[in-house]
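Coordinate inspection notes
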Amino acid sequence: MKSVSLRVEGKVQGVCYRAVAVAMAEKLRLAGWVKNERDGSVSIHAQGSDEAIDELIRWAWKGSDSSEVKQVTVTDVDTQPVRTFEVHY
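Let me sum up the structure you'll find in this document. Quick caveat: nothing in here was measured; it's all calculated off a predicted structure.

1. Let's talk about the overall build of the protein
- Counting secondary structure elements, the protein contains 2 helices and 5 strands.
- Order of helices (α) and strands (β) in the protein, N terminus to C terminus: β-α-β-β-α-β-β.
- Relative to the compact-globule value of 12 Å for 89 residues, the protein shows a C-alpha radius of gyration of 12 Å, a close match.
- Considered along the principal axes of its C-alpha atoms, the protein spans approximately 30 × 20 × 20 Å.
- Expressed as a percentage of its 89 residues, the buried residues of the protein come to 40%.
- Sequence separation of at least 24 residues holds for 77% of the intrachain contacts in the protein that already meet a minimum separation of 6.
- If you sum the accessible surface of the protein, you get close to 5300 Å²; carbon and sulfur atoms cover 46% of it.
- Side chains of the protein carry 12 positive and 13 negative charges; the gap between the two charge centres is 4 Å.

Quick look at the structure:
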């Protein structure tokens, strides 16, 4: 099991980025959360198989159809006891 934190920058708020992130995470059977940050970025915490995490990172660079991703920063983090993927507010 692998756990990562992603910081996604660009036009990623108000463009359904979080909703599509949840759908992608569920498709990949990842656990964790996604959240809009005050600085306009989106944070994603995800845990699952190495392959699923790699696929989520590739997706994060694309995002939703309306997003314009400029930067994705990935940091390895400690695994937490999480079973679902949800939006944090």
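After that view, the rundown keeps rolling.
2. Examining the sheet that holds strand β5 (residues 85-88)
- The sheet built from 5 strands is open, its strands ordered β4-β1-β3-β2-β5 with mixed pairing. Of all strands in the sheet, those bounded by a partner on one side alone are β4 (68-76) and β5. The sheet shows a mean angle of 20 degrees between the axes of neighbouring strands, direction not considered.
- Across 4 bridges, the pairing between strand β2 (residues 31-36) and β5 is parallel. When the sheet's bridge partners are listed, glycine 32 is paired in β5 with phenylalanine 85.
- Lying over the sheet, helix α1 (residues 17-27) contacts β1 (2-11), β2, β3 (42-48), β4 and β5, oriented at roughly 165 degrees with respect to β5.

3. Quick notes on the nonpolar core
- Leu6, Val8, Tyr17, Leu30, Ile44, Leu56 and Trp59 are the most contacted members of the largest nonpolar core, which has 25 residues in total.
- Residue assignment for this core shows that the elements contributing at least two residues are β1, α1, β3, α2 (50-62) and β4.
- Sort the elements by how many residues they give to this core and α2 lands first, with 6 residues.
- Once residues lying within four places of it in the same chain are set aside, the contact partners of leucine 6 are Val42, Ser43, Ile44, Ile57, Ala60, Val72, Thr73 and Val74.

4. Quick look at α2
- With 13 residues, α2 extends 19 Å between its outermost C-alpha atoms, agreeing within 8% with the 18 Å of an ideal straight helix rising 1.5 Å per residue.
- If you follow the buried residues of α2, they end up packed against β1, α1, β3 and β4.
- Count one or two residues on from α2 and you reach glycine 63, which has phi positive near 75 degrees.

5. Looking at the pattern of salt bridges
- Applying the stated criterion to the full structure yields 4 salt bridges.
- Residues arginine 7 and glutamate 9 are paired through a salt bridge, measuring 3.0 Å at the closest nitrogen-oxygen approach.
- Put simply, aspartate 39 and arginine 7 hold a salt bridge, and the shortest N to O gap is 2.3 Å. Of this pair, aspartate 39 sits in the loop between β2 and β3 while arginine 7 sits in strand β1, placing them 32 residues apart in sequence.

The rules we used
Throughout this description, residue numbers start from 1 for each chain and increase along the sequence as written. Only residues with pLDDT of 70 or above have their local features reported here, since the model is predicted, and side-chain atom pairs are shown and tallied only from 80 upward, although totals for entire chains, interfaces and linings are computed over all residues. Excluded from the side-chain calculations are hydrogens and water; all other atoms, namely the structure's heavy atoms, are used. Secondary structure elements are defined from DSSP: runs of H or I of at least 4 residues count as helices, runs of E of at least 2 residues count as strands, and each element is numbered from the N terminus. Our radius of gyration looks at C-alpha atoms and nothing else; its globule reference is 2.2 Å times the residue count to the power 0.38. A 1.4 Å probe rolled over the protein chains alone gives each residue an accessible area, and that area as a share of the maximum for its type sets the label: buried under 20%, exposed over 50%, partly exposed in between. Whether two residues touch is decided by their heavy atoms; if any such pair falls within 4.5 Å, the residues are in contact. Residue burial considers only the protein chains on display, and all accessible areas are found by Shrake-Rupley using a 1.4 Å probe. Charge assignment in this entry is limited to Lys and Arg as positive and Asp and Glu as negative, and neither His nor the chain termini are counted. Lysine's charge is taken at NZ, arginine's at CZ, aspartate's at CG and glutamate's at CD. Pairing between strands requires that DSSP locate at least two bridges from one strand to the other. To obtain each axis, a line is fitted to C-alpha atoms, and for helices this fit is confined to the stretch in contact; angles are then taken between N-to-C directions over 0 to 180 degrees. Note on terminology: a nonpolar core comprises buried Ala, Val, Leu, Ile, Met, Phe, Trp, Tyr and Cys residues joined through side-chain atoms within 4.5 Å. Here the expected span of a helix is defined as 1.5 Å times the quantity of residues minus one. Between Lys or Arg on one side and Asp or Glu on the other, a salt bridge is scored when a side-chain nitrogen of the former is within 4 Å of a carboxyl oxygen of the latter.

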